[in-house]
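Architecture and fold: a report
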Amino acid sequence: MTARATARTPADTTASTATVRAKVAPAAASDGAATKTPRVERPKHAGDTTQAQPSKAAPPQNPTHEKPVANESGAIAAAPARDIDVPLHQLVLDDANVRKVRSAGGVEELAALIDAQGLLHRLAVVALADGRFGVIAGGRRLLALRKLANDGRWSAARPVECRLYDSAQAVEISLAENSGREAMHPADEAEAFLARVEAGQSVAQIAVRFGVAPLTVERRLKLARLSPRFLAMYREGSIESDILHALALTDNHKAQEAVWDGLPTYRRDAWTIRRLLTEGAATAESHLARFVGVETYEARGGKVRRDLFADDDAGRSGIYLEAPGLLRQLAMEKLQAAAEEVRAEGWAWVEGLIDADRLALRAYGQQAPSERAPSDAEAAMLAALETERERLSAAYDQNEAKALQFEDDGDGIDAYEAEEVRLSGLLSDLDDRIDAARAALRVWTSEQMGRCGAMLRIDSDGTLVVHRGLLRREPAHDGACGAGTEDGEGLVSRAGRGSESDEAAEAGKRRAVFSEKLMRDLTAHRTAALQAALTQDVDAALATLVHRMVETVFDLYDRGNDIVRVTVRPTGDLALAEHASDYIHTPAASAAGARRERLGRAPAP
């Protein structure tokens, strides 16, 4: 702490030669005898050109017990405040300090600032009867100093600059110091951090000296590098911070302004700006990026753009891979390597698809694997797992039965629910173990592998999925089994079949099993039954509607569907009765009619 020099006039040189700051003595000894005030020396720092001069006389034992002075109105004025230096171990937090809530993170930051810059603001204190001093303003600074002392970066005997007030002013002074504060604007802080970087300090050094995380410094630097136009708007309050975060995805000022100016006012939102600035890039959350790995992509020279303002514990959000072509190349290389391992198992054919989902399996038939007999050890393990599952299932049922007696007992319900969660978890884990044990018994015969193949695909979460035992429905050049009539083993073959025209002619000669009238009758009854079922099951109706939306949005089946096009085609009683025999007396008609009546009596929303 650097001693502060005081300018003097020539007349001052013959006046008091008291020290720059009065030194305060501890309380008098218990026997009442006067004690000499110990001198508290301020540590001398390099560069100090002033020295505290020795005091000719010790200060009074209790600085606040001075003779009261009446002001002009006749009221008794408080003793004047004075600057003092107090050792850290003599400072305590006073009850008159009005600030009661102090965040731990804020104290950490303040300790780093004091360690780097020194104590920039004095503590406001009052003298206590036991010789210590109560801090009425500056409690966070006191906690920060204590933390530095605990960390060995500040001596407990080192003096702390304070301002001594009369105890009658304690609450007012504390309230005054904690009022009227205004935090620095983020734009000002950002430019200040950028000035430190331009002066030669690293991000890590700035983070340590100002007690913030390195990510906070990097985020401020990103803001500081925005176009001055947007920083001015930020200071004026005419642009939101989340929009600035989106614009900061690029350091190119012209690109930032082009995106902003090219959008109508109602579309200048963070999501749209972020989408335009990352158009054409793949995200780290995509299935290909998860499969390949961002590290592998970067090792092969792929460029990555990171959104420093993204908040994601998994570490994938806000990462954009700017070379999607390279990403697909790496994914195919990894997929082909895995396909070679599967091909070595002996399958007739193996395919690897980058963008396929489970719907791709519809183009194939499925051959079930054979199941070998378990060994004695495997059989004993499966029996033990099944026995344990029965025990857990019984315990789960008993716990569920006990819940009835806890309807009015909150503590009992909590215990029941906790036990239910525990047993559910155990049962789930046990089912996984049983499934894995049974899967180990399923094997593919060499005959099956010689006729069928395997398909590898990348799942939505980036995991590699292998589907084995697939049957191609079309003729295969490699001799793998294809589609056609079933043979004795349930496999498909086109061997010995005629042309498609011959098949069509043959189909025309075959007589239909059911008449057209009977098909209309059965179809109408089925439609009525489905309608009645959906009116009684809201969840099923909602799932059906969502399923249709998903089909339409993702174009799973029909081509040319508009996005989210839901078509409602009512099929009423008259239409159904026209084709469904004796429809009016069926349970479905009764259920649907009762439902319509209840809805008709319901009050309007």
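Residues numbered from 1 in each chain as written. Predicted model: local features only at pLDDT ≥ 70, side-chain atom pairs only at ≥ 80, totals over all residues. Heavy atoms only, no water.

Quick look at the overall build of the chain
Looking only at helices and strands, the chain has 21 helices and 19 strands in total. Counted over contacts in the chain with a minimum sequence separation of 6, partners at least 24 positions apart contribute 70%. In the structure as shown, the chain presents an accessible area of about 37300 Å², 53% of it carried by carbon and sulfur atoms. (Helix = DSSP H or I, 4+ residues; strand = E, 2+ residues; numbered from the N terminus. Contact = heavy atoms within 4.5 Å. Areas by Shrake-Rupley, 256 points an atom, 1.4 Å probe, with all protein chains shown as cover.)

A word on the nonpolar core
The biggest cluster of nonpolar side chains holds 31 residues, and the ones touching the most others in it are Ile239, Leu244, Leu247 and Ile273. Contributing elements (two or more residues each) for this core: α4 (186-198), α5 (203-210), α6 (214-224), α7 (228-236), α8 (241-247), α9 (253-261) and α10 (270-277). Once you skip the residues sitting within four places of it in the chain, Ile239 turns out to touch Phe230, Met233, Tyr234, Leu244, Leu247 and Trp260. In terms of nonpolar packing, the next biggest core, distinct from the first, is built from 27 residues, Val294, Ile319, Ala339 and Val342 among them. (Core = buried A, V, L, I, M, F, W, Y, C linked by side-chain atoms within 4.5 Å. Buried < 20%, exposed > 50% of the residue type's maximum accessible area, 1.4 Å probe, protein only.)

Re the pairing of strand β17 (residues 464-472)
Both strand β13 (residues 364-366) and β17 contribute to a ladder of three bridges, which runs antiparallel. Following the sheet pairing, Tyr364 is matched in β17 by Arg472. Across six bridges, strand β16 (residues 453-458) lies against β17 in antiparallel orientation. Each bridged residue has a counterpart across the sheet, and for Leu456 the counterpart in β17 is Val466. (Pairing = 2+ DSSP bridges.)

Considering the sheet that holds strand β10 (residues 304-306)
Remark on secondary structure: sheet strands pair via backbone hydrogen bonds, oriented parallel or antiparallel. A sheet is described by the order of its strands in space; here three strands give the open sequence β9-β11-β10, paired in antiparallel fashion. At either end of the open sheet lies a strand with only one pairing partner, and these are β9 (282-283) and β10.

Considerations on the sheet that holds β13
With mixed pairing, the four strands of this open sheet are ordered in space as β12-β16-β17-β13. The outermost strands of the open sheet, each flanked by one partner alone, are β12 (349-353) and β13. If you compare each strand with its neighbour and ignore which way they point, the axes differ by 45 degrees on average. Two strands pair when backbone bridges link them, and β12 and β16 are joined in this way by five bridges, in the parallel orientation. (Axes fitted to C-alpha atoms, helices over the stretch in contact; angles between N-to-C directions.)

As for the pairing of strand β6 (residues 123-127)
Most of β6 is tucked away, with four of its five residues classed as buried. Of the strand pairs in this sheet, β6 and strand β8 (residues 159-164) are connected by three bridges, and their pairing is parallel. Residue Val125 lies in a different strand from β8, and its bridge partner there is Leu164. The loop that links β6 with its antiparallel partner strand β7 (residues 133-137) comprises five residues; one of these, Gly131, has a positive phi angle of about 95 degrees.

Quick word on the environment of Leu221
Secondary-structure assignment places Leu221 in helix α6. Taking the C-alpha atoms as reference, Leu221 lies 9.2 Å from Glu189; in sequence the two are 32 residues apart. Excluding residues that lie within four positions of it along the chain, Leu221 makes contacts with Phe193, Leu194, Val197 and Val203.

Regarding the packing of aromatic side chains
One pass over the structure, following the stated rule, counts four aromatic pairs. Sitting over the face of the ring of Phe291, Lys334 holds its NZ or CZ atom 4.6 Å from the ring centroid. Directly above the ring of Trp349 sits Arg472, whose terminal nitrogen or CZ lies 4.0 Å from the centroid. (Phe/Tyr/Trp six-rings, centres within 6.5 Å; stacked < 30°, edge-to-face > 60°. Lys NZ or Arg CZ within 6 Å of the ring centre and 35° of its normal.)

A look at α4
For α4, built from 13 residues, the straight-helix expectation of 18 Å at 1.5 Å per residue is met to within 8% by its first-to-last C-alpha distance of 18 Å. Among the residues of α4, those classed as buried are Ala187, Ala190, Phe193 and Leu194. Along the long axis of α4, the arc covered by the buried residues comes to 125 degrees, so they all point the same way. Considering only its buried residues, α4 is in contact with α5, α6 and α7. Count one or two residues on from α4 and you reach Gly200, which has phi positive near 115 degrees. (Expected span 1.5 Å × (residues − 1). Arc of directions from axis to C-beta.)

Digging into the pattern of salt bridges
The tally for this structure, following the rule as stated, stands at 28 salt bridges. Arg132 is the partner of Asp130 in a salt bridge, and the nearest nitrogen-oxygen pair spans 2.9 Å. Taking the shortest distance from any N to any O, the salt bridge between Arg305 and Glu322 comes out at 2.7 Å. You can see Arg305 sitting in strand β10 and its partner Glu322 sitting in the loop between β11 (319-321) and α13 (324-343), a full 17 residues away along the chain. When its relative accessible area of 36% is taken as the criterion, Glu322 is described as partly exposed. Linked through salt bridges whose partners overlap, the residues forming this network are Glu108, Asp115, Lys147, Asp151 and Arg153. (Salt bridge = Lys/Arg side-chain N within 4 Å of Asp/Glu carboxyl O.)

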